[in-house]
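# A look at the structure
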Amino acid sequence: MATGTSGNRLRGLAIPTLVVALITGTTGVAGTASAAPTGSSGNGAGYFTAGSDRKVTLTDGADRRPGGNRAGTPKAAVDETGSGMYVVELAEDPLTTYTGGVSGLARTRPAAGNRLDVTSTPSRAYRRHLDTQRGAVAAAAGVTVNAVYTTAFNGFSAKLTAQQVGALRADKRVRAVTASRALGTPSAPPTATEATAANPTPATPGDADQSAPTDRSGRPAKPGPGTGAGMVIGVLDTGIWPESASFAKKMPAPANWHGTCQTGVAFVAEHCNGKIVGARYFADSWLAGGGSVPEGEFLSPRDASGHGTHTASTAAGLPIPNVTIDGRRFGPVSGVAPDAQIAVYKVLWGGMGYDADIIAGIDAAVADGVQVLNFSIGSQLGDWEANTPIGIAFLNATLSGVFVAASAGNTGIVSGAISNAAPWVTTVGAAVTKLDEATAKLGDGTKLVGGSLDALPGGGALPLVFGEQAGSPDLGAVYCEPGSLDPAKIKGKVVACALSDMFGSAAEIKAKGGAAMMVFDPVGNYRINSIFNFPVVYLPTEKQAGTLFNYLMRHPTDATVSLRTGGDGSSVPGIPSVADFSSTGPDKVTLGVFKPDLVAPGSNIIAAVSPVGNFGRQYDAYSGTSMASPYVAGAAAVLRAAHPDWSPGAVASALRTTATDTVGTSSPLEQGSGFINLPRASDPGLVIEPTAAELIEFGQTTEPDGKALNLPAISLREYDGTRPVTITRTLTNVGKARETYRSSVSGLPGMKVTVSPASVTLAPGKSATVTITLRRGSAPWDRYVTGSITWQGKAHSARIPVAARPWGISARPYADDGEEFARMSNGAFGMVQPGFTGPLAGRSTGYTPMRRTSYSMPAGVYGGVFDPSATGVKKVDFTVPANTAGIVVEANTADPNTNLDLYLYKGDTLVYSSDRYWTSAEQAYKFLPEPGRYTAYVFAQYPGGPVVDFELGHAIIGRNATYSGATLTLPSTSERGQGFNFTLKPNKPLAEGDFWAYTEYRTNGTVVPGNLVYTQQSSWQ
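As the structure is a computational prediction, the values presented were derived from the model and not from experiment.

## What to know about the sheet that holds strand E41 (residues 873-880)
Read from one edge to the other, the open sheet built from four strands follows the order E41-E46-E43-E44, with strand pairing classed as antiparallel. In this open sheet, the two edge strands, each paired with only one partner strand, are E41 and strand E44 (909-914). Direction aside, the axes of adjacent strands within the sheet are offset by 20° on average. Summarising the sheet, strand E43 (residues 899-906) and strand E46 (residues 932-942) pair through eight bridges and their orientation is antiparallel. Note that in E46 the partner of Leu900 across the bridge is Ala940.

What follows is the structure, given as structure tokens:
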């Protein structure tokens, strides 16, 4: 795709995929980024043209009022001189972890199974000591302290100059000085506060959910092991709407509760009725750093957006027998732990907040006496370093007996972008547990299964019109922007709109007399829905967009569609399945840590919200890992109430080892340990939990490796595949009877795994340590293999997931997503970074030419959407034999006014897509491909004329083939992590053109696949 009249034209997608904006201040209505693009296919401007900067930058629970509530974003926390807002951690331990050592001051860290008492004499005395030390440190550096931390973190926040930062870092009483960072609610899928609804009409046989019965909040209808009575769940979020029926119960404060009800704007002491046992807000650092309270926000614990209310009621909301939204009944909802109490810690303002304020919230929550914390907050594209100040605060909270659940993030399109990946935090991904499908049958008989949460017209076919053809292109009719459509052209019709602001588009069509809306996304997006109070069907995939768009192009005046609730189940692999927006592992920051930990209901979850930010609704449906995390927080409260002697690590282990596989994947990189099973977790048999000493050591290491932590998972990222890896796990019987557990291994193709001893017999409360040895065997290099180890007893079963990626020539922290990192090299100056140490030898196949063929095809729609059967698409098939090292496909055109896209498929599965917007030189490739029939589709997204001339080339490189000879030059030894250069020079002149080769390495008899190597020849070089 491109624009312009000469040269390579720049693509500017008018409807790009979801922009990951976890720390932007945009929490208002979607689609306000820019004006709509101009032009139409009729005048050559294209439907989806450059010049548009349209982006969907929403957060879970975004304020959906007209105009929204936007954060008064502060200046960058630290400016170019190094001055700004900082978090200072002092060297001495906080109350949660102090074990003695200061003369005259007794231990404050609670003994195992006990809770921290901040009112005790030792705690008061030690806090006075910390206050004195903090004052001395601040005075020495000339610092004015902003926020103070003593319970879960020892330190303070302050605005510092670069000179003060230097002075503090030189002070031995200071452990760390870290620039403050802004965080926010994890970036959500693209339909604002994503909602779901019960089907308003009877479902067809294909519509039946295949999961266990759940209510609309995602809570199982079948009673679980308890209700969380006596537990307090602390919610770090955007506040709470106290008038909600989900919180309307007076309850006495539990014993040892030390919290308070902080009043403020529109929040009085009576709002803490016991169900809401405490409420505080934290904005000191946000305001001191230059931020402001956004318009429509409340400087109090009151929630303006709905996100905090939703998470709180998901975790511990009261049972509501029948929720009504916009006059429609959606059935019962309930928190997972309906008898638990809620403590509110408002740390976000317009969806954003500084870590300095969040740490203050954690510090207060632990001091107040919560047993569980929920943290549905994340950072842009996941964590970027280990042991952040927030992570350390959570570590200390965990060591004091507080269980922490946190959202994994909603960046499923980017592998490895996991938030909250500390090993002491239970990191939660999102699962789909309701189909909520809708079917659109086009006039040519094609059926498209998408999603809808609203009552659909049903019955016979209705006229269908494309928004672009029913209004003003200059006003954004392609997106059905408000004010863009002509009432006369849409009255009584279904209007098809490209994805932008779905709520604004629906309101425009409803106001102008349209019958319904179909939304499609030309670049594909997440499967998710919202309640629009108007018939809306959302088609999330790029393939569906191409089918619908090209049908509209073929039928500009006589298109029809029938819409009905329900579908055939094809919109998801099954129920429950991992939501496509849920962030996937592994943790890209830390070796040996496995994330996410598990998945829980997080798609189309109905819970209480703030009516201020949700069209006046008291309840609404959101989607995201923000919704899955409080489900686990509620589950943890239930388990802690049932097992008061369990530590946070034991609770986490019970939830993980009893989880079950989702449908569509068993890969722990996506599902973690699997889908939560609370009834089984209440009686897990075994637990596997790290010791406090292990966690403290991890938290004090700059570049920690969690492989040795006694976690209920094994992560071997970038291990040396030439050597066996040996680790240990300690199993503890938390059951009531003596039991024998026998180990077994599943999955892990090509790996050799042994567990010694193979079986253990444990009495209640007793532990045993097992040794696990893993060898690569024939498993592929530089790719993950996954599986699990299970200990099966007579009455219980405990399973831990395993993911292993042997480092051959490329250290890559991300998952296998179809694109091989660092596999493509230039023969003149290739580079390899080996993961092994030892003697090195290599070989190559020599060079084989890229075979090119010229093609012509008629142009399709200018600026259109890819569909394999559309005009403007050329299909070329070829066969890939067994034992192929790689396949490379290229498309290019000499016409500067044409822009091509290239798609490589194997059957119906997309292998690679290349749609560079700055050039028509597109390339798709696959390293070590499966044999079979492949298809290349060349799509003229912007044709330069009625006929498109282009060239398609492909090279299929056999792994054991012998081509034109070449000399591979490389060092004689390798050292793990140390890159080396190699060259692959032809032995004799090659013909003019492009050539490809394969290289392979050998060390101590082990073969390691190398690179696909390229050279271009016009004469002897």
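## Topic: empty space enclosed by the protein
Under the defined criterion, the tally for this structure stands at three cavities of 30 Å³ or more. Quantified by volume, the largest cavity comes out at close to 40 Å³. Only helix H4 (307-316) and strand E24 (605-608) provide two or more residues apiece to the lining of the largest cavity. The greatest single-element share of the lining of the largest cavity, amounting to three residues, is contributed by E24. Partitioning the lining of the largest cavity into residue classes produces five nonpolar, seven polar and no charged.

## Observations concerning the state of the cysteines
As enumerated under the stated definition, the model contains two disulfides in all. Here Cys261 engages in a disulfide with Cys272; their sulfurs sit 2.1 Å apart. As the torsion about the S-S bond is roughly 80°, the Cys261-Cys272 disulfide counts as right-handed. Taken as a pair, Cys261 in the loop between strand E6 (232-237) and strand E7 (276-281) and Cys272 in the loop between E6 and E7 lie far apart in primary sequence, 11 residues in all. Disulfide pairing places Cys480 opposite Cys497 at an S-S distance of 2.1 Å. With the S-S dihedral at roughly -90°, the linkage between Cys480 and Cys497 falls on the left-handed side. A residue pair is termed long-range when its members are at least 10 positions apart, and Cys480 in the loop between strand E17 (462-466) and helix H7 (487-490) and Cys497 in strand E18 (residues 494-498) qualify at 17 residues.

## Comments concerning the packing of helix H10 (residues 625-642) against helix H11 (residues 648-657)
The geometry of H10 relative to H11 is characterised by a closest axis approach of 10 Å and an angle of 115° between their N-to-C directions. It follows from the interaxial angle that H10 and H11 lie roughly perpendicular. Where H10 crosses over H11, the two elements pack in a sense that is right-handed. Contacts from Val632, Ala635, Ala636, Leu639 and Arg640 in H10 reach Pro648, Val651 and Leu655 in H11.

## Some points on the environment of Leu318
Counting through the fold element by element, Leu318 comes out in the loop between H4 and strand E8 (324-325). With 69 residues separating them along the chain, Leu318 and Lys249 place their C-alpha atoms 8.2 Å apart. Setting aside anything within four residues of it in sequence, one finds Leu318 in contact with Ala245, Ser246, Phe247, Ala248, Lys249, Lys275, Val333, Ser334, Gly335 and Pro338.

## Quick word on the nonpolar core
Counting residues in each nonpolar core, the largest one holds 70 residues, and the members touching the most others are Ile233, Phe403, Ile509, Val632 and Leu655. Examining the composition of this core, we find that nine residues originate from one element, H10, more than from any other. Sequence-distant contacts of Val632, that is, excluding residues within four places in its chain, are made with Phe403, Ala405, Thr426, Val428, Leu598, Ala600, Leu655 and Ile676. Counting residues in hydrophobic clusters, the runner-up holds 62 residues, among them Trp286, Ile377, Ala406 and Leu695.

## Digging into the packing of aromatic side chains
Under the definition given, this model contains 22 aromatic pairs. Ring centres of Tyr862 and Tyr942 lie 4.7 Å apart, and the angle between their planes is 85°; on these two criteria the pair is classed as edge-to-face. Of this pair, Tyr862 sits in the loop between strand E40 (851-858) and E41 while Tyr942 sits in strand E46, and the two are 80 residues apart along the sequence. Like Tyr942, Tyr862 is buried. Look at Phe866 and Tyr937: their rings are 5.9 Å apart centre to centre, the planes differ by 65°, and that puts the pair in the edge-to-face class. Residue Phe866 is found in the loop between E40 and E41, and its partner Tyr937 is found in strand E46; the two are separated by 71 residues along the sequence. One aromatic cluster is present, formed by Phe866, Tyr903, Tyr905, Tyr937 and Phe939 through successive ring pairs. Looking at Arg302, its charged tip hangs above the ring of Trp241, at a distance of 4.4 Å from the centre. We note Lys588 situated over the ring of Trp384; from NZ or CZ to the ring centre the distance is 4.3 Å.

## Structural notes on unusual backbone geometry
A cis amide bond, omega 5°, links Gly585 with the succeeding residue Pro586. Relative to the helices and strands, Pro586 is located in the loop between strand E22 (577-578) and strand E23 (598-601). In this structure, Ala266 is a non-glycine residue whose phi angle is positive, near 60°. Residue placement: Ala266 occurs in the loop between E6 and E7. Residue Ala266 is classed as partly exposed on the basis of its relative accessible area of 41%.

Rules of the game
- Residues numbered from 1 in each chain as written.
- Predicted model: local features only at pLDDT ≥ 70, side-chain atom pairs only at ≥ 80, totals over all residues.
- Heavy atoms only, no water.
- Pairing = 2+ DSSP bridges.
- Helix = DSSP H or I, 4+ residues; strand = E, 2+ residues; numbered from the N terminus.
- Axes fitted to C-alpha atoms, helices over the stretch in contact; angles between N-to-C directions.
- 1 Å grid on protein atoms, 1.4 Å probe; cavity = no way out; pocket = protein on both sides within 12 Å on 5 of 7 lines; lining within 4 Å.
- Points joined across faces, edges and corners; volume = space filled by probe spheres on them.
- Nonpolar A, V, L, I, M, F, W, Y, C, P; charged D, E, K, R; others polar.
- Disulfide = S-S within 2.5 Å.
- Parallel < 35°, antiparallel > 145°, perpendicular 65-115°, else oblique.
- Left-handed = near helix turned anticlockwise from the far one by under 90°.
- Contact = heavy atoms within 4.5 Å.
- Core = buried A, V, L, I, M, F, W, Y, C linked by side-chain atoms within 4.5 Å.
- Buried < 20%, exposed > 50% of the residue type's maximum accessible area, 1.4 Å probe, protein only.
- Phe/Tyr/Trp six-rings, centres within 6.5 Å; stacked < 30°, edge-to-face > 60°.
- Lys NZ or Arg CZ within 6 Å of the ring centre and 35° of its normal.

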